[in-house]
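Tertiary structure, described
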Amino acid sequence: MCHLQSILGKIMEITQRPATFGDADTLLTWRNNPDVRKFSLHTGLISIDEHLKWLSGRLERVDLEPFFLFEEDHKTIGMSRLDVVSGQTNKCEISILVDPDQHRKGIGTRILNMTCDSFFSLHPNKTIVAKVQVHNFVSQKLFTNAGFELQNSVGNFLHFEKPFKSEQSSFL
């Protein structure tokens, strides 16, 4: 039993909270990390001024477009946000980012599942879409394993969708 307790002790509880302006430095550091940028839609560095302007405007829309940060043992480890797809108010595009120091620990799966559950509890008639860079095999597997279905590809991005299903609930 000690071995099982040891394993379970390593699985920390992840908590979800709304993003705030106080998260600006952390978010920008993660976003500008070279390992993150290489799979982003926009791969260039973002200046602090650009970031603060974007974040300020983005936080004004959290009622319709949720923006979450995730913590484990009082340390911020990831974020997710959902943005209404232009011209398709029944669809929101998900962005998920895990602290680069926390990669390969299963945190992305937990964050994605928590985000989907939270979003669908608020918006059961909407669909979540994801754009994944064609060479980002880890994210492709993440979304496929979470029940997202590949719809098509446009340029260097694959487009996945996950509509609400009443039987789904995947909190870990």
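Described in the following lines is the structure provided in the data block. For clarity, every value in this text was computed on a predicted model and none was experimentally measured. (Residues numbered from 1 in each chain as written. Predicted model: local features only at pLDDT ≥ 70, side-chain atom pairs only at ≥ 80, totals over all residues. Heavy atoms only, no water.)

Note that R17 resides in strand β1 (residues 14–18). Sequence spacing of R17 and F67 is 50 residues, and the spatial spacing of their C-alpha atoms is 8.5 Å. Beyond its immediate stretch of four places on either side in the chain, R17 contacts D23, F67, F68, L69, E71 and T76. (Helix = DSSP H or I, 4+ residues; strand = E, 2+ residues; numbered from the N terminus. Contact = heavy atoms within 4.5 Å.)

With that settled, the discussion passes to the pairing of strand β5 (residues 127–133). The two faces of a sheet get side chains in turn, since along a regular strand they alternate between them. With six of seven residues buried, β5 lies mostly within the body of the structure. Across three bridges, the pairing between strand β4 (residues 88–98) and β5 is parallel. Its bridge partner lying in β5, K91 is registered against T127. The handedness of the β4 to β5 crossover, carried by helix α5 (residues 107–122), is right-handed. (Buried < 20%, exposed > 50% of the residue type's maximum accessible area, 1.4 Å probe, protein only. Pairing = 2+ DSSP bridges. Right-handed = clockwise from strand over helix to strand, strands pointing away.)

Time to look at the side chain of S40. Structurally, the position occupied by S40 is in the loop between α3 (34–37) and α4 (48–59). Judged by relative accessible area, which is 16%, S40 ranks as buried. One polar contact links the side chain of S40 to the main-chain carbonyl oxygen of V36, over a distance of 3.0 Å. With sequence-adjacent residues up to four places away left out, S40 is seen in contact with R31 and F157. (Polar contact = N/O pair within 3.5 Å; in protein donor to acceptor, adjacent residues only side chain to side chain.)

In the structure shown here, the tally under the stated rule is six aromatic pairs. A centroid spacing of 5.0 Å and a plane angle of 80° characterise the contact between F143 and F148, whose relative ring orientation is edge-to-face. For the pair formed by F143 and F148, the shared burial category is buried. Here the aromatic cluster, defined as three or more aromatic residues joined through ring pairs, consists of F119, F120 and F164. (Phe/Tyr/Trp six-rings, centres within 6.5 Å; stacked < 30°, edge-to-face > 60°.)

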